[in-house]
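Overview (structure and organization)
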Amino acid sequence: MALDLLEEAPTHAALCGETTLAAFAQIFLDDCAGRWKSKTLHSHRHAMSRHILPRLGDMQVGKIERADVTAWFNKMEMSKGGRNRALSVLSSLFIHAEIRGLRPPGSNPCAGMRRHDTRFQARYLDADEYAALGRAFTKASAVSPMAVHVLRFCALTGCRKSEALMLRWSMIDGNRAALPDSKSGPKSIWLGKPVRKLIATVPKTGEWVFEIDGEPVCPKMLQRVWNDIRSDLGIPTFRIHDLRHSFASVAVSLGYDLLIVGGLLGHADKGSTAGYAHLNTRDVAAASARVGKHFAKVIAGKQPEKTCKPGRSSSKPDKLIAAFLRSKDTLTTFCASRGLEPETFRRDVENWRSVHARLAQ
């Protein structure tokens, strides 16, 4: 029924103050579709037809109030993340209704609503655990070598799983892979020596870098292989995406500022077009090579270089920051008890928070 309502939406000219949310939904999706990727549009349509319209679709879009939205939000039977995404779609619809003149400016009933807490808990591996990961990779390679190639590539570059799976040979240009599209738009994945060495071992049999029988590695098969690997590690909650978090964390620990880290990860920093426009790609390439070299060593069970440059607060900043965040001490008291320089440690904490806030987006 909800899909039928979407298909029976009125023309733009028929919109008026009594337009129902169901009638306005397709207008909203059509008007805004050009701003979204096809996957995002599909997700928004699904949220609208499956979770929003069945309960709110018959109400007039101009008369829906905070109480209506709150009641709908609290009764949704889905994950916390799914509720938050549905709320975000509904909020965007009301903003567009204001633009179209169906609601007064600033009347969005979703504004300021407290979303369910979905704070991620990223897990990081220490040097011993990375060595164990390397051994698990070797073991899994005997059964699923191409899937392990994908996972090694993710660990050494910090790229997203989807970016590795969709990588084509035609995208590789020397020490980078130029992706025409990604979650954040066009981006470069920088390929240090360990990554180029890895790619050199991959048979070039077709269009895709990581393929089996002419098709990209199947995400479900990749996840099955990863489940076995993380089970061997004894960390069943460690995600493939945590390899990306670890890459960013090591980059910060090696002393690179957030602009370089953002360039490495391909973040589409909101409002920072100017910031990335003048970023020296040679600096990003050098940073990628250094971080990749670090991971290649720890995965091989070798002693990596110290993660902090002279003058930083500790050679193990992640562990210290984690200890600080768990403690009830003030920053000054915490630093005094461990012989740390407060301002330097404060910058470390701020960098850590900024990086992981971006990763959580």
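Along each chain, numbering runs from 1 in the same order as the chain's sequence is written. This being a predicted model, a pLDDT of at least 70 is required before a residue's local features are given, and a value of 80 or more before pairs of side-chain atoms are given or counted; all residues contribute to the totals for chains, interfaces and linings. Calculated side-chain values reflect all of the structure's heavy atoms, with hydrogen atoms and water omitted.

1. A short note on a positive patch on the surface
How we decide: Exposure above 30% relative accessible area and no salt bridge define the residues that can form patches, which grow by joining like charges within 9 Å and nonpolar side chains of Val, Leu, Ile, Met, Phe, Trp and Tyr within 5 Å. Methods summary: accessible areas were calculated by the Shrake-Rupley approach with a probe of 1.4 Å, and residue burial reflects only the protein chains presented. When a carboxyl oxygen of Asp or Glu lies within 4 Å of a side-chain nitrogen of Lys or Arg, that pair is called a salt bridge. Neither His nor the chain ends contribute to the count of charged residues, in which Lys and Arg are positive and Asp and Glu negative. Charged side chains are reduced to one point each, which is NZ for Lys, CZ for Arg, CG for Asp and CD for Glu. Put simply, DSSP marks the helices as runs of H or I at least four residues long and the strands as runs of E at least two long, and each gets a number from the N terminus on. Buried means the residue's accessible area, taken with a 1.4 Å probe over protein chains only, is under 20% of the maximum for its type, while exposed means over 50%, and partly exposed covers the values in between.
On the surface, a cluster of positive charge is made up of Lys193, Arg196, Lys197, Lys293 and Lys302. Sorting elements by how many residues they give to the positive patch places helix 9 (residues 193–200) first, with 3 residues. Mapped onto the secondary structure, Lys193 falls in helix 9. Its relative accessible area of 66% is what places Lys193 among the exposed residues.

2. A look at the environment of Leu29
Residue position: Leu29 is located in helix 2 (residues 21–32). Measuring from C-alpha to C-alpha, the distance between Leu29 and Leu41 comes to 7.6 Å, with 12 residues separating the pair along the chain.

3. Regarding the packing of helix 3 (residues 38–56) against helix 5 (residues 80–99)
Using the following cut-off: Axis definition: a line fit to C-alpha positions, over the contact stretch in the case of helices; interaxial angles, taken between N-to-C directions, run 0 to 180 degrees. An angle below 35 degrees is treated as roughly parallel, one above 145 as roughly antiparallel, one from 65 to 115 as roughly perpendicular, and anything else as oblique. Should any heavy atoms of two residues lie within 4.5 Å, those residues are considered in contact. Just so you know the grouping, Ala, Val, Leu, Ile, Met, Phe, Trp, Tyr, Cys and Pro go in nonpolar, Asp, Glu, Lys and Arg go in charged, and all remaining residues, Gly too, go in polar.
At their nearest, the axes of helix 3 and helix 5 sit 10 Å apart, and the two run at 80° to each other. Classified by the angle between their axes, helix 3 and helix 5 sit roughly perpendicular to one another. Contacts between helix 3 and helix 5 pair His44, Ala47, Met48, Ile52 and Leu56 from the former with Ala86, Val89, Leu90 and Leu93 from the latter. Class assignment of the residues belonging to the contact of helix 3 with helix 5 gives a composition of 8 nonpolar, 1 polar and no charged.

4. Details of the packing of helix 2 against helix 3
Orientation of helix 2 relative to helix 3, taken along the N-to-C sense of each, is 170°, at an axis distance of 11 Å. Viewed along their axes, helix 2 and helix 3 adopt a mutual orientation that is roughly antiparallel. Taken together, the residues of helix 3 that come into contact with helix 2 (itself represented by Leu21, Ala22, Ala25, Gln26, Phe28 and Leu29) are Leu41, His44, Arg45, Met48, Ile52, Leu53 and Leu56. Taken together, the residues that form the contact of helix 2 with helix 3 break down as 10 nonpolar, 2 polar and 1 charged.

5. Structural notes on the packing of aromatic side chains
Worth spelling out the cut-off: Between rings of Phe, Tyr and Trp, where Trp is taken as its six-membered ring, a pair exists when centres lie within 6.5 Å; planes separated by under 30 degrees are stacked, by over 60 edge-to-face, and by other angles tilted.
By the definition in use, this model includes 3 aromatic pairs. Measuring from ring centre to ring centre gives 6.3 Å for Trp72 and Phe73, while their planes differ by 50°; the resulting arrangement is tilted. On the accessibility criterion, Trp72 (1% relative accessible area) is buried. Under the relative-accessibility criterion, Phe73 is labelled buried at 2%. Consider the rings of Trp226 and Phe238, whose centres lie 5.8 Å apart with planes at 40°: the pair is tilted. Remark: Phe238 occurs in the loop between helix 10 (219–233) and helix 11 (241–253) and Trp226 occurs in helix 10; sequence separation between them is 12 residues.

6. As for the sheet that holds strand 1 (residues 172–173)
Put simply, the rule is: Paired strands are those between which DSSP finds at least two bridges.
What the 3 strands build is an open sheet, ordered 1-2-3; its pairing is antiparallel. Unpaired on one side and paired on the other, strand 1 and strand 3 (187–190) mark the two borders of the sheet. Bridging between strand 2 (residues 176–179) and strand 3 involves 4 bridges; their strand directions are antiparallel. Pairing of Leu179 across the sheet is with Lys187, part of strand 3.

7. Overview of helix 4 (residues 66–75)
Short version of the rule: Our arc is simply the arc of the directions from the helix axis toward the C-beta atoms.
Residues of helix 4 that are buried include every one of Val69, Trp72 and Phe73, and no others. Down the axis of helix 4, the buried set is contained in an arc of 95°. They therefore lie on one face. Seen from the open side of helix 4, the exposed residues pointing more than 90 degrees away from its buried face are Ala67, Asn74 and Lys75. Those residues of helix 4 that are buried are in contact with helix 3 and helix 5.

8. Side note on unusual backbone geometry
Its identity is not glycine, yet Asp213 carries a phi of approximately 55°, on the positive side. Its location among the elements puts Asp213 in the loop between strand 4 (211–212) and strand 5 (215–216).

9. Some remarks on the confidence of the model for the protein
Stated formally: pLDDT expresses how confident the predictor is about each individual residue, on a scale running from 0 to 100.
Residues with a pLDDT of 70 or more make up 73% of the protein, whose mean pLDDT is 78. Long-range and interchain partners of residues 1–13, a stretch whose pLDDT sits below 50, account for 21 contacts in this model, where long-range means more than four residues apart. This model gives residues 307–316 a pLDDT under 50, and the stretch forms 23 contacts once residues within four places in sequence are excluded.

10. Topic: helix 16 (residues 331–338)
The periodicity of an α-helix, 3.6 residues per turn, causes residues three or four places apart in sequence to face the same way. Listing the buried residues of helix 16 in full gives Leu331, Phe334 and Cys335. Buried residues of helix 16, seen end-on, are gathered within an arc of 95° and therefore sit on one face of the element. Among the exposed residues of helix 16, those pointing more than 90 degrees away from its buried face are Thr332, Ala336 and Ser337.

11. Overview of the pairing of strand 2
On strand 2, burial follows the alternation: Ala177 and Leu179 on one face are buried, whereas Arg176 and Ala178 on the facing-out side are not. Between strand 1 and strand 2, which pair antiparallel one after the other, the connecting turn spans 2 residues, and Gly174 there sits at a positive phi close to 65°.

12. What to know about the nonpolar core
Here is the rule: Among buried residues, those of type Ala, Val, Leu, Ile, Met, Phe, Trp, Tyr and Cys that are joined through side-chain atoms within 4.5 Å constitute a nonpolar core.
Leu133, Phe153, Phe210, Trp226 and Ile229 are the most contacted members of the largest nonpolar core, which totals 49 residues. Ignoring any residue separated from it by four or fewer positions in sequence, one finds Ile229 in contact with Leu133, Ala136, Phe137, Ala140 and Leu151. Membership of the second largest hydrophobic core comes to 30 residues, among which are Val69, Leu87, Val89 and Leu90.

13. Some thoughts on the pattern of salt bridges
Tallying each qualifying case throughout the model produces 5 salt bridges. Put simply, Arg100 and Asp31 hold a salt bridge, and the shortest N to O gap is 3.9 Å. Of this pair, Arg100 sits in the loop between helix 5 and helix 6 (127–141) while Asp31 is found in helix 2, placing the two residues 69 residues apart along the sequence. The partner of Arg160 in a salt bridge is Glu163, and the shortest N-O contact between them spans 2.8 Å. Taken individually, Arg160 and Glu163 each receive the classification buried, so the pair is uniform in this respect.

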